[in-house]
Amino acid sequence: MRSGVDPLEAVKKLGRAGRIRSFHFKDLNEFGNRGAHDVIWWRGKGNARAILAELAEQNYKGTFSIEYEHNWLNSMPEIAGCVTFFEMTAAELGQTGWRWIFNGKDLNGWDGDPRLWSVKDGVIRGETTKENPARGNTFCVWRAGKLKDFELKIKFRIQNGNSGIQYRSKEFDKWRIGGYQAEVENAPGKVGFLYHEAGRAWLVNVGDMMEIDAKGNKNVVGRVNDRDALIKAGYYRDKDWNEYHIIAEGNHLMHYLNGYATMELVDNDRVTNPDDPRDNRGAAREGLLALQIHAGPPMVVEFKDIRIRELKPRYGDAVVLFNGRDLDNWVAKGARNDKDKGKWETGTAAMSSENPKLLVNKGGSGEMINLAAEHGQSLDLYSKADDFGDCRIELELMVPKGSNSGVYVMGEYEIQVLDSWGRRGMGSGDMGAVYGASPPPFNACKKPGQWQEYVIEVQAPRFDSSRRKTENAKLLRVELNGKVLHRDLVMKSQTPGGVFGREAPTGCLMFQGNHGPVAYRNIIVKPLIK
């Protein structure tokens with residue numbers, strides 16, 4: 001653009017000639033001026049939306065890179081504005097499953113008390129004053145449908161008072177909503193928790209992983225983050241824009257705030273009747289999306305960049321394998337009796353300050369910890385639940401320096417756990433390897449003593465009526481710390497060291513404990529929907 005070349009015409013010519021492999025994207029405040037500077041995409045002279053539309057028409061599948069060389073000392077908000085524009089335009093062009101549900105101009109599609117809700121400067125604004133108070137908690141409701149399984153991303157800014165984001169909720173009176181509420185408040189350590197408006201009240205504190213059982217009992221089974229560490233890390237920006245990412249799939253709900261996990265819930269409570277607006281003391285699988293103004297002192301709250309992605313049902317209900325309190329539902333392989341768990345304990349794990357090759361138990365609950373000091377000192381531990389076939393496994397783990405363990409899917413296929421931090425040239429025994437079958441393509445391992453996350457999806461082997469195997473097991477997906485390491489990896493046989501040493505159509509989950517210290521938490525299994 002500084003040279004006077006029209007970027008749209010250049011993209012048309014180069015793209016249609018098949019010459020574009022990657023795209024370096026920017027926008028400038030002036031055309032044909034070598035002194036021009038960067039601006040947020042679409043605010044300049046580059047006709048950014050038309051360029052993206054042209055690339056979509058060309059079915060461009062390459063990569064984009066961002067360059068931004070202006071306002072150096074405070075460029076991140078402007079770069080974020082570029083990303084928002086990019087995401088919104090991709091949705092408009094049908095290049096993503098996300099749908100933007102606020103147009104930035106008016107409340108089309110939304111409905112709330114007009115005394116309190118308006119659109120100002122491109123954001124939904126809720127405001128109460130002494131002269132114009134809220135008459136009880138009141139809501140601005142999205143009227144374009146109900147949400148079932150979905151992802152929601154929404155930015156908010158609150159100056160004072162108390163608010164919330166309702167989802168899977170019900171309207172029991174005009175602009176009166178009950179249901180799940182993601183907390184919005186200038187209160188680090190509290191903002192990000194889950195409340196149940198006009199129903200079960202408090203549900204999940206910031207940092208906790210909760211399971212609610214069929215009788216409505218609340219049990220903290222683990223931690224998704226340390227509350228004090230979140231506050232120290234600045235997970236919430238006071239009186240500034242913050243972004244919620246909310247995921248709801250079946251009985252499994254998750255909140256993220258500015259990229260930090262703040263809570264997780266497996267809700268096995270009685271499922272309420274979606275057609276009865278007064279039936280609100282239980283779990284919900286579908287409902288309304290709404291924004292809250294809380295009764296009380298004057299307040300101002302704002303929302304923008306609201307988008308949803310509706311999810312097709314992929315999994316059955318989440319099953320929590322570890323209750324956080326004891327190991328009664330687990331068996332130590334080769335133990336003398338059912339009470340013998342080797343060196344496994346429940347509590348809170350940390351890497352020893354005296355010996356970084358060891359773990360220590362700091363007390364409390366929520367984590368299963370193998371306190372073995374050396375190879376062969378403890379036992380492998382497997383779940384009594386053994387009816388898992390095609391499934392998705394989600395768990396977190398911690399290893400100290402140099403330690404070794406493994407996750408045995410269906411009790412027979414080992415995904416390697418090892419301290420591989422900083423290692424190059426990954427091998428079949430490194431973190432993320434499928435033992436004896438495939439090394440990881442790159443190193444996704446974190447430092448020893450940090451919590452790491454595995455997501456594993458498996459297709460069980462198939463057998464005929466005479467128990468003859470007709471199809472091999474397949475690891476559909478192995479993901480470590482958000483990085484995909486394996487896809488559709490065929491397992492011709494079990495790996496060494498499993499529970500029974502033979503393949504079967506269903507199995508358990510086993511953690512290797514006889515090789516070194518390790519800790520596990522937040523263990524969930526979901527059946528795959530065929």
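As a starting point, this report considers the structure included with it. (Residues numbered from 1 in each chain as written. Predicted model: local features only at pLDDT ≥ 70, side-chain atom pairs only at ≥ 80, totals over all residues. Heavy atoms only, no water.)

Looking now at helix α3 (residues 76-92). For α3, with 17 residues, the first-to-last C-alpha span of 24 Å sits near the 24 Å given by 1.5 Å per residue. For α3, every residue scored as buried is listed here: Glu-78, Ile-79, Gly-81, Cys-82, Thr-84, Phe-85, Thr-89, Ala-90 and Ala-91. Against α2 (48-57), β3 (99-100), β8 (150-160) and β19 (299-310) lie the buried residues of α3. Just beyond α3, the residue with positive phi is Gly-94, at close to 75°. (Helix = DSSP H or I, 4+ residues; strand = E, 2+ residues; numbered from the N terminus. Expected span 1.5 Å × (residues − 1). Buried < 20%, exposed > 50% of the residue type's maximum accessible area, 1.4 Å probe, protein only. Contact = heavy atoms within 4.5 Å.)

It is worth spelling out the pairing of strand β10 (residues 176-185) at this point. The buried count for β10 comes to nine of 10 residues, which makes it a mostly enclosed element. Taken together, the nine bridges between strand β9 (residues 162-173) and β10 define a ladder with antiparallel strand orientation. What sits directly across from Lys-170, in β10, is Gly-178. Counted along the chain from β9 to the antiparallel partner β10, the turn is two residues long, and its residue Trp-175 has a positive phi close to 60°. In this sheet, strand β11 (residues 194-197) lies alongside β10 in antiparallel orientation, the contact comprising four bridges. What sits directly across from Ala-182, in β11, is Leu-194. (Pairing = 2+ DSSP bridges.)

Of note, Ile-20 is situated in the loop between α1 (7-16) and β1 (22-25). The exposure class of Ile-20 is buried, given its relative accessible area of 14%. When the C-alpha positions of Ile-20 and Lys-61 are compared, they lie 9.7 Å apart, and in sequence the two are 41 residues distant. When residues no more than four places from it in sequence are discounted, the contact partners of Ile-20 are Val-11, Leu-14, Gly-15, Leu-55, Gln-58 and Tyr-60.

This paragraph deals with the pairing of strand β12 (residues 201-204). In terms of strand pairing, β11 meets β12 through three bridges, oriented antiparallel. Across the sheet, residue His-196 finds its bridge partner in β12, namely Ala-201. Counting the residues between successive antiparallel strands, the hairpin from β11 to β12 contains three residues, one of them, Ala-198, with a positive phi of roughly 55°.

Right, let's talk about the sheet that holds β9 for a bit. Taking strand neighbours across the sheet as the criterion, the seven strands line up as β4-β7-β18-β9-β10-β11-β12 in an open arrangement whose pairing is antiparallel. Pairing within the sheet leaves two strands with one partner each, and these edge strands are β4 (110-111) and β12.

It is worth spelling out the sheet that holds strand β21 (residues 330-332) at this point. With respect to topology, five strands assemble into an open sheet ordered β21-β26-β35-β28-β29, the strand pairing being antiparallel. A single partner strand is all that each edge strand has here, and the edge strands are β21 and β29 (413-418). Across three bridges, β21 lies against strand β26 (residues 381-383) in antiparallel orientation. Looking at the pairing, Trp-330 lines up with Ser-383 of β26.

On inspection of all chains with the given rule, the structure shows one cavity of 30 Å³ or more. By volume, the largest cavity is sized at about 40 Å³. Taken together, Arg-168, Ser-169, Lys-170, Gly-179, Tyr-180, His-196, Thr-272, Asn-280, Gly-282 and Ala-284 make up the lining of the largest cavity. Mapped onto the lining of the largest cavity, the elements with two or more residues apiece are β9 and β10. Broken down by element, the lining of the largest cavity gets its largest block of residues, three residues, from β9. Along the lines of polarity and charge, the residues of the lining of the largest cavity split into two nonpolar, six polar and two charged. (1 Å grid on protein atoms, 1.4 Å probe; cavity = no way out; pocket = protein on both sides within 12 Å on 5 of 7 lines; lining within 4 Å. Points joined across faces, edges and corners; volume = space filled by probe spheres on them. Nonpolar A, V, L, I, M, F, W, Y, C, P; charged D, E, K, R; others polar.)

Remember that the coordinates give geometry; whether it matters functionally is a separate question.
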